[in-house]
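# An overview of the molecular structure
Listed below are the residues making up each chain.
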Amino acid sequence: MSGHVTAPAAALADELPSWVTLLRAPNPGPMTLDGTNTWVLRAPTAEYGVVVDPGPADEGHLARIAGHGPIGLILITHGHPDHTEGAPRLSELLGGVPVRAVDPAHSIGAEPLATPWAPLDLPGLAVRPVPTPGHTADSVCLHVAYGGERVVLTGDTILGRGTTVVAHPDGHLGDYLTSLELLTAYPGIPALPGHGPALADCAAAAEFYLAHRRARLDQVRAAVDAGARTPADVVAAVYADVDRSLWWAAEWSVRAQLEYLGVGTGESEPGVSGLEHM
């Protein structure tokens, strides 16, 4: 029986590489864990650094990020507001630094990230976008290397604690499972998530997530076979161990699971506002 996961999906990273800085936004909550992780990457000899996920439009947080300048580029892992809301203001604070995301709506002063997913030309760092749709349609991870060290910035595809919601209808479970399979190709490489602590092994976390998702699918099948007819029915049966105040978020994932299994409910789809954890 797969229960609600609140622990890390893999061992925690002992330490971050010296060229990685974590600045956590002051927006903690049940869906954002300790707050949004903003990552600043700078090769030791580089003229400027890179910011990944500016977070919310909190002036204090954005000022802290700007204090780690000069910054030459802002990257976005996906378009949810707890990751992107501060991007326009941070770009302004940094003198018009470009913002690049998969979704053109979140790109400022530069082309969006897109196929063929070529490495980004950044001083001292080898940054390669890894398309990982599923949590959202525009989700992307970033494989970053400096010298002999590597990390994978996972956004909300993999969290530092617990598991993530598939934000249906924008998110898609089939895509998400494929993305997790892709991330199993990074054994022994730290995962730097959008929320929660850094994990020591991206592949181990991805494998844990895959096992959890497959177990949940088995539970959803069993609930439907037992007579559950609506997403709310399935949530009550499968997510009974989750605080009822979070059942609305569980329903996003259930809708994605039912779609993946080809089970129609005849209900209209709710909107998705953009938080993460389930």
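What counts, and at which threshold
Residues numbered from 1 in each chain as written. Predicted model: local features only at pLDDT ≥ 70, side-chain atom pairs only at ≥ 80, totals over all residues. Heavy atoms only, no water. Buried < 20%, exposed > 50% of the residue type's maximum accessible area, 1.4 Å probe, protein only. Helix = DSSP H or I, 4+ residues; strand = E, 2+ residues; numbered from the N terminus. Contact = heavy atoms within 4.5 Å. Pairing = 2+ DSSP bridges. Axes fitted to C-alpha atoms, helices over the stretch in contact; angles between N-to-C directions. Core = buried A, V, L, I, M, F, W, Y, C linked by side-chain atoms within 4.5 Å. Arc of directions from axis to C-beta. Polar contact = N/O pair within 3.5 Å; in protein donor to acceptor, adjacent residues only side chain to side chain. Disulfide = S-S within 2.5 Å. Parallel < 35°, antiparallel > 145°, perpendicular 65-115°, else oblique. Salt bridge = Lys/Arg side-chain N within 4 Å of Asp/Glu carboxyl O.

### Describing helix H4 (residues 173–183)
- Listing the buried residues of H4 in full gives Leu173, Gly174, Tyr176, Leu177, Ser179, Leu180 and Leu183.
- Turning to H4, the residues buried within the fold contact strand S7 (125–131), strand S8 (140–146), strand S9 (149–155), helix H5 (202–225) and helix H7 (247–261).

### Some thoughts on the sheet that holds S9
- Pairing is mixed in the open sheet, where 5 strands are placed in the order S6-S7-S8-S9-S10. Because the sheet does not close on itself, it has two edges, and the strands there are strand S6 (120–122) and strand S10 (191–193). With strand direction ignored, the average angle separating the axes of adjacent strands in the sheet is 25°.
- Inspection of the sheet shows S7 paired to S8 by 6 bridges, in the antiparallel sense. Residue pairing for S8: Ala126 is matched across the bridge by Ala145.

### Focus on the nonpolar core
- Membership of the largest hydrophobic core comes to 25 residues, with the highest contact counts inside it found for Val152, Ile158, Leu173, Leu183, Tyr186, Cys202 and Tyr209.
- Ranked by residue count, the leading element in this core is H5, at 6 residues.
- With sequence-adjacent residues up to four places away left out, Tyr186 is seen in contact with Arg128, Val130, His143, Val152, Asp201, Cys202 and Ala203.
- Judged by nonpolar contacts, the second largest core, of 23 residues, contains Leu41, Val52, Trp117 and Val140.

### So, helix H1 (residues 59–66)
- Considered for burial, the residues of H1 that qualify are His61, Leu62 and Ile65. Projection of H1 onto a plane perpendicular to its axis shows the buried side chains occupying an angular sector of 95°, all on one side.
- Measuring from the backbone nitrogen of Gly60 back to the side-chain oxygen at the start of H1 gives 3.2 Å, which picks out Asp58 as the cap.

### Focus: the state of the cysteines
- Counted under the stated rule, the structure contains 0 disulfides.
- Sulfur of Cys141: no disulfide; nearest cysteine sulfur belongs to Cys202 and is 6.7 Å away.

### Details of the packing of H4 against H7
- Running from N to C, H4 and H7 cross one another at 90°; their axes reach a closest spacing of 8 Å. When the axis of H4 is compared with that of H7, the two are roughly perpendicular. Contacts between H4 and H7 pair Leu173, Gly174 and Leu177 from the former with Ala256, Gln257 and Tyr260 from the latter.

### What about the pattern of salt bridges?
- With the rule as written, the count across this model stands at 6 salt bridges.
- The salt bridge partner of Arg89 is Glu92, with a shortest N-O separation of 2.6 Å. In this pair, Arg89 and Glu92 are both assigned in helix H3 (residues 87–93), 3 residues apart and thus about one turn of the helix distant.
- Of the residues examined, Glu92 reaches a relative accessible area of 53% and is grouped as exposed.
- Here Glu251 ties to Arg255 by a salt bridge, and the two come within 3.1 Å at their closest N and O atoms. Here Glu251 pairs with Arg255, and both are found in helix H7, just 4 residues apart, close to one helical turn.
- Each of Glu59, Arg89 and Glu92 takes part in salt bridges that share partners, so that together they form one network.

Shape descriptors only; they carry no functional weight alone.
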